Amino acid sequence: MSVSKGLNRRAFIAGLVLPVRAWTQTGNSVRIQMQPQSRLGRIPADFMGLGYEVSSVSERGLFSASNRAYVQFVRTLSPAGVIRIGGNTSDYASWSPNGPAVSSPKATIVDRRGIRDLGTFLRATGWRLIWGFNLGRGSVDEAVDQAVAVASSVGDRLLAFEIGNEPDLFPGVHRPANYSYADYYPEYRRFKKAIRDRLPNAPFAGPDVIVHPDWLEQLAAAEAADLELLTYHYYAEGPPDNPTSTIETLLKPNDILPGLLGRLQADSRSARLPYRICETNSCFGGGKPGVSDTMAAALWGLDFMFTLAQFNAAGVNMETGVNHLGFLSYYTPIGVDAARKFVATPLYYGMLAFGMASRGERVQLTLDAGGLNVTAYAVRSDGGEIWLTIANKEATRDAPVRVACPGIATAGLFRLTAPSLASKDGVLLGGSAVTSAGKCAPGPPEPVRVNSGEIELNVPAASAAILRLR
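Residues numbered from 1 in each chain as written. Predicted model: local features only at pLDDT ≥ 70, side-chain atom pairs only at ≥ 80, totals over all residues. Heavy atoms only, no water.

### With respect to the confidence of the model for the chain
How we decide: The pLDDT value expresses, per residue, how confident the predictor is, ranging between 0 and 100. Residues count as neighbours in contact if any of their non-hydrogen atoms are within 4.5 Å of one another.
Across the chain, the average pLDDT comes to 93, with 94% of residues at 70 or higher. Scored below 50 in pLDDT, residues 1–26 makes 119 contacts in the model with residues more than four places away or belonging to other chains.

Right under this line is the structure:
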């Protein structure tokens, strides 16, 4: 995500007013009415995703099947998912088949060894790949040679190629100030044709924009029959030096994001193509300490991913690792401790909670949040269980909750907890922490009494409850 424009995209905050939700001032109690037989659409098995700068591919040993701990961190999130390689560094990166590889914000060199290692990593994790080419400053010949290397190394793990990263921000950076979609599209076609001449079945996605959804609409109209996926970027807050980029603004309800997602959903349906938010996180420019690396980010991520699912997104790629400025992002789900071992950050726990409760079909519910900043989502698994997720994004106020779900006989409860919204440590899922080997085994669920299809429970401030209903 470019910060050179100084764009303030603080809007689009999660904690949203959604079609199934009613924010009413009825006292500080929450009521949820479930419709367990409803069917609102399946959440794709590979919804989960991580996004990386292309410079990460040139960091020797990171993307490799031999990096067992990192492989396990990814597999723990989901047995299927999508890794997207691109970012700002991709439009400065060069291709040198025989190396040496260099990982640098504006001087990355990608080689065949790094791509071969990436192929082993994808096969070890079971995840697929979106790979972005250098449209900003690269050549067609380099892109073609790189595409052949990626296709050879990745095989059936390749989901799609992208041409350029955020081309709608090229004006004044990689292109003249008057650069427009009318200039971008012929370039896209030229790169695509050259790659297809060598790889006739190469799949493509795009346009990978962040400011102008009309670029997505125009590409969909022109290329719908020859695209695998529509892609868009989104950051909830930013830039990090903006004083309004805070925990409070990250978590407060805002009705702007549904408008954007509603538009993307309509575009997706019109083009008969899935859409994916393939680069996203809490605050662009590497995130903001004290916001992006806290329990608040975990609750934001959990809520945001369910919000995307409600608008029928095909998935999401949370930006991860070292960013385009060359430092480990504050928002990264997988961090590194002082001993250089991988660690799960708070956002990772939010993603893990989503993975636990999102495998199946979405279920209709009606929520009366009682004036509290509480959201709720329900999914029915293929085994017939209902997974109900309740996120309490209040800093200090607990949420007494009453759930009505006809036909439910038993219930078990897992909790996502931390000492406070500002906590960077002490986050647990089901009472358990993620180990340095990337594994997490939530403890047995708390029993919850069911009385004639109704449940009462308390969801403390700065936490989430995940109910398994049978």
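What follows continues from the structure just given.
### Notes on the packing of helix α2 (residues 112–125) against helix α3 (residues 140–154)
The condition is simple: To define axes, lines are fitted to C-alpha atoms, for helices over the stretch in contact only, and angles between the resulting N-to-C directions are given on a 0 to 180 degree scale. Each helix is a run of DSSP H or I of at least 4 residues and each strand a run of E of at least 2, with the numbering of both proceeding from the N terminus. If you view the pair so one helix is near and one far, a crossing is left-handed when the near helix is turned anticlockwise from the far one by less than a right angle, and right-handed when it is turned clockwise. Note on residue categories: nonpolar means Ala, Val, Leu, Ile, Met, Phe, Trp, Tyr, Cys or Pro, charged means Asp, Glu, Lys or Arg, and polar means any other residue, Gly included.
Axis separation between α2 and α3 bottoms out at 8 Å; the angle between their running directions is 35°. Seen along the crossing, α2 lies across α3 with a hand that is right-handed. Only D145, Q146, A149, V150, S153 and V154 of α3 make contact with α2, whose side of the interface consists of R112, I115, R116, G119, L122 and R123. Per-class residue counts for the contact of α2 with α3 are five nonpolar, three polar and four charged.

### Regarding the sheet that holds strand β4 (residues 82–86)
Here is the rule we go by: At least two DSSP bridges between two strands are required for those strands to pair.
Within the open sheet, the eight strands sit side by side as β8-β7-β4-β3-β12-β11-β10-β9. Their pairing is parallel. For this open sheet the edge positions go to β8 (158–163) and β9 (205–209), each flanked by a neighbour on one side alone. If you compare each strand with its neighbour and ignore which way they point, the axes differ by 25° on average. The pairing of strand β3 (residues 49–53) with strand β12 (residues 315–319) spans two bridges and is parallel. By the bridge assignment for β12, L50 is matched with M318. The strands touched by helix α4 (residues 181–198) are β7 (128–133), β8 and β9; relative to β8, the strand with the most contacts, the crossing angle is about 135°.

### A few points about the layout of surface pockets
To be explicit about the condition: Whether a set of points on the 1 Å grid over the protein atoms alone is a cavity depends on a 1.4 Å probe fitting there but being unable to get out, while an open set qualifies as a pocket with protein on both sides within 12 Å along at least five of seven lines; lining residues are those with an atom within 4 Å of a point. Grid points are joined across faces, edges and corners, and a volume is the space filled by probe spheres set on the points.
The volume enclosed by the largest pocket comes to roughly 330 Å³. Elements represented by at least two residues in the lining of the largest pocket include exactly β13 (334–336), β14 (342–344) and α9 (346–357). Classifying every residue of the lining of the largest pocket by side-chain character gives eight nonpolar, five polar and three charged.

### Regarding the side chain of E187
Filter applied, for reference: Nitrogen and oxygen atoms within 3.5 Å of one another constitute a polar contact, given that in protein one can donate a hydrogen and the other can accept it, and given that sequence-neighbouring residues count only through two side-chain atoms.
Topologically, E187 is positioned in helix α4. At 2.8 Å, the side chain of E187 and the side chain of R175 are in polar contact. In contact with E187, other than residues within four places in its own chain, are L135, R175 and Y179.

### Notes on the pairing of β9
Every regular strand shows the same layout, with side chains that alternate between the two sheet faces. Inclusion rule: Type-normalised accessible area, obtained with a 1.4 Å probe on protein chains alone, sets the label of each residue: buried when under 20%, exposed when over 50%, and partly exposed for intermediate values. Crossover handedness is defined by viewing with both strands directed away from the observer: a clockwise path from the first strand over the helix to the second marks the crossover as right-handed.
With five of five residues buried, β9 is to be regarded as a mostly interior element. As paired elements, β9 and strand β10 (residues 229–237) share four bridges and run parallel to each other. When the bridges of β10 are listed, V209 appears paired with Y232. Handedness of the β9-helix α5 (residues 213–223)-β10 crossover: right-handed.

### Structural notes on the packing of aromatic side chains
Test applied: Classification of ring pairs rests on two measures: the distance between centres of Phe, Tyr or Trp rings, Trp counted by its six-membered ring, which must be within 6.5 Å, and the angle between planes, read as stacked under 30 degrees, edge-to-face over 60 and tilted in between.
According to the stated counting rule, one finds 25 aromatic pairs in the structure shown. Judged by centre distance (5.8 Å) and plane angle (75°), the ring pair of Y181 and W215 falls under edge-to-face. In this pair, Y181 is assigned in helix α4 and W215 in helix α5, connecting sequence segments 34 residues apart. The buried category is assigned to Y181, whose relative accessible area is 9%. Looking at W215, the relative accessible area reads 5%, which means it is buried. Consider the rings of W300 and F304, whose centres lie 5.0 Å apart with planes at 10°: the pair is stacked. Taken together, the residues span about one helical turn, with W300 and F304 both in helix α8 (residues 295–310) at a distance of four residues. Through successive ring pairs, a cluster of aromatic residues spans Y52, F63, Y70, F73, F121, F342 and Y348.

### Remarks on unusual backbone geometry
In the segment running from G206 into P207, the intervening peptide bond is cis, with an omega of 5°. Structurally, P207 is set in strand β9. Along the chain, G238 connects to P239 via a cis peptide bond; the corresponding omega equals -10°. With respect to the helices, strands and loops of the structure, P239 is situated in the loop between β10 and α6 (247–251). A positive phi angle, near 65°, is found at D208, a position not held by glycine. Tracing the chain through its elements places D208 in strand β9. In this structure D208 comes out as buried when scored by relative accessible area, which is 1%.

### A closer look at the pairing of β10
Taking burial as the measure, the nine residues of β10 include nine buried ones, the bulk of the element. Pairing of β10 with strand β11 (residues 275–283) involves seven bridges; the strand directions are parallel. Bridge assignment links H233 to a residue of β11, and that residue is E279.

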